[in-house]
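Observations on chain architecture
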Amino acid sequence: MKKRVAVLISGRGSNLQALLDAEQNAYEVALVVSNIPNAAGLDRAREAGVEAIALDHKRYGQNREAFERDLDALLVQRNIEIVALAGFMRVLTPYFVRAWQGRLLNIHPSLLPKLPGTKTHERALAAGESEHGCTVHLVVDEVDAGEILGQARMPILPGDTPQTLAERVLTLEHELYPRCLAEYAQTL
Ligand code: GRF
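Only a predicted model underlies this, so the values are computations on that prediction, with no experimental measurement involved. What you see as residue numbers is a count from 1 along each chain, following the sequence as written. It should be noted that, the model being predicted, local features are given only for residues of pLDDT at least 70 and side-chain atom pairs only at 80 or more, the latter also being counted only at that level, while totals for whole chains, interfaces and linings use all residues. To get the side-chain values, take all heavy atoms of the structure and skip hydrogens and water.

A look at the overall build of the protein
A tally of helices and strands in the protein yields six helices and seven strands. Secondary structure elements follow DSSP: runs of H or I of four or more residues count as helices, runs of E of two or more count as strands, with numbering from the N terminus. Traced from its N-terminal end to its C-terminal end, the protein shows the element sequence β-α-β-α-β-α-β-α-β-α-β-β-α. The globule rule used here is 2.2 Å times the number of residues to the 0.38 power, and the radius of gyration it is set against is calculated over C-alpha atoms. Relative to the compact-globule value of 16 Å for 188 residues, the protein shows a C-alpha radius of gyration of 16 Å, a close match. Expressed as lengths along the three principal axes of its C-alpha atoms, the size of the protein is roughly 50 × 40 × 30 Å. Categorising residues by exposure relies on relative accessible area from a 1.4 Å probe, with only protein chains included: less than 20% of the type maximum marks a residue as buried, more than 50% marks it as exposed, and the intermediate range marks it as partly exposed. For the protein, the residues scored as buried account for 49% of the 188 residues in total. Should any heavy atoms of two residues lie within 4.5 Å, those residues are considered in contact. Within the protein, contacts between residues at least 6 apart in sequence are counted, and of these 62% link residues at least 24 apart.

And the structure:
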């Protein structure tokens, strides 16, 4: 049986597109949720015939758990088995992370445990790193710190800028995420 996956996004959704394009036997993208109502990724989902829902976090003010309770209820109602974060720009609280423990994946644009957090391409250059890449990992309470499911790496070249690194890492992300998600879905 294909595992029913929800993809959570906040923006353009190029990783969502890769997950949609690569769907095979292991999983199906059954739902896409964005916390930003006009995220371009919602249209990608609709074009692929996948239910796409905006859940605007601003409507919940400072109450992160109330947002997450509604999100969780939606996921449960749609019989979602795995949640894949793909450019989802909200840090999730322990409430949600624990509810989905072992079934919550993220993609991060660095070779974790190096460079958790934001601006990874700038920081890879500033640190004089010779290689860079991306990581698919399970989500735990600590940001960007869960079990690593897969990584893709590439050399940093003379003349690279944050922009050129971002472009090349994104290409790696689009290959890595569907592969890791499919492999992981088969283990559940
Ligand atoms: C990707 O670089 C991902 O690693 C990071 O946010 C970006 C999302 O891009 N977490 P997209 O929305 O999938 O195009």
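Considering the sheet that holds strand 1 (residues 3-9)
Backbone hydrogen bonds are what pair the strands of a sheet, in a parallel or an antiparallel way. Pairing is mixed across the open sheet formed by seven strands, whose spatial order is 3-2-1-4-5-6-7. Looking at strand neighbours, the two that pair on one side only are strand 3 (51-54) and strand 7 (148-155), the edges of this open sheet. Between one strand and the next, the sheet's axes are offset by a mean angle of 20°, whatever the strand orientation. In short, DSSP must find at least two bridges between two strands for them to pair. Bridge count between strand 6 (residues 131-138) and strand 7: seven bridges; the pairing is antiparallel. Across the sheet, residue T135 finds its bridge partner in strand 7, namely Q151. Axis definition: a line fitted to C-alpha atoms, limited for helices to the stretch in contact. Angles are taken between N-to-C directions and run from 0 to 180 degrees. Across the sheet, helix 1 (residues 14-21) is in contact with strand 1, strand 2 (27-34), strand 4 (82-85) and strand 5 (104-108); its angle to strand 2 comes to roughly 155°.

Focus on the state of the cysteines
Cysteine sulfur atoms that pair up within 2.5 Å are treated as a disulfide. One pass over the structure, following the stated rule, counts zero disulfides. C134 takes part in no disulfide bond, and the closest cysteine sulfur, belonging to C180, lies 8.5 Å away. The exposure class of C134 is buried, given its relative accessible area of 0%. For C180, a relative accessible area of 3% gives the class buried.

So, unusual backbone geometry
For the bond running from L112 to P113, omega is 10°, close enough to zero to count as cis. Turning to its location among the elements, P113 is positioned in the loop between strand 5 and helix 5 (120-126). Backbone geometry places N79, a non-glycine residue, at a positive phi of 60°. Within the secondary structure layout, N79 lies in the loop between helix 3 (64-77) and strand 4. Classification of N79 by relative accessible area gives exposed; the value is 53%. Here the phi dihedral of K119 falls at roughly 50°; this positive angle occurs in a residue that is not glycine. For K119, the position within the fold is in the loop between strand 5 and helix 5.

Some thoughts on the pattern of salt bridges
Criterion for a salt bridge: a side-chain nitrogen of Lys or Arg within 4 Å of a carboxyl oxygen of Asp or Glu. Counting across every chain of the model gives eight salt bridges. Across the salt bridge formed by D43 and R46, the nearest N and O atoms sit 3.6 Å from each other. Taken together, the residues D43 and R46, both in helix 2 (residues 40-47) and three residues apart, mark about one turn of the helix. R98 is the salt-bridge partner of D141, the closest N and O atoms lying 2.5 Å from each other. Here D141, found in the loop between strand 6 and strand 7, pairs with R98, found in helix 4 (residues 94-99); they are 43 residues apart in sequence, far enough to count as distant.

Concerning the packing of aromatic side chains
Ring pairs (aromatic) are described by centroid distance and by the angle formed between their planes. Aromatic pairing here means that ring centres of Phe, Tyr or Trp (its six-membered ring) are within 6.5 Å. Orientation follows from the plane angle: under 30 degrees is stacked, over 60 is edge-to-face, and everything else is tilted. Under the criterion given, the structure shown has two aromatic pairs. Centre to centre, the rings of Y60 and F67 are 5.6 Å apart; their planes meet at 75°, and the pair counts as edge-to-face. Taken individually, Y60 and F67 each receive the classification buried, so the pair is uniform in this respect.

Some remarks on the packing of helix 1 against helix 6 (residues 162-187)
Helix packing for two helices is described by the angle between their axes and how far apart those axes are. The geometry of helix 1 relative to helix 6 is characterised by a closest axis approach of 9 Å and an angle of 45° between their N-to-C directions. What the angle tells us is that helix 1 and helix 6 run oblique. Both helix 1 and helix 6 take part in a crossing whose hand is right-handed. Within the contact between the two elements, helix 1 uses S14, N15, A18 and L19 and helix 6 uses L170, E173, H174, Y177, P178 and L181. Amino acids outside the nonpolar list (Ala, Val, Leu, Ile, Met, Phe, Trp, Tyr, Cys, Pro) and the charged list (Asp, Glu, Lys, Arg) are all regarded as polar, and Gly is one of them. Of the residues contributing to the contact of helix 1 with helix 6, the split by class is six nonpolar, three polar and one charged. Throughout this description, any angle smaller than 35 degrees is read as roughly parallel, any larger than 145 degrees as roughly antiparallel, any in the 65 to 115 degree range as roughly perpendicular, and the remainder as oblique. Each crossing is labelled by how the near helix is turned from the far one, with a counterclockwise turn of less than a right angle marking it left-handed and a clockwise turn marking it right-handed.

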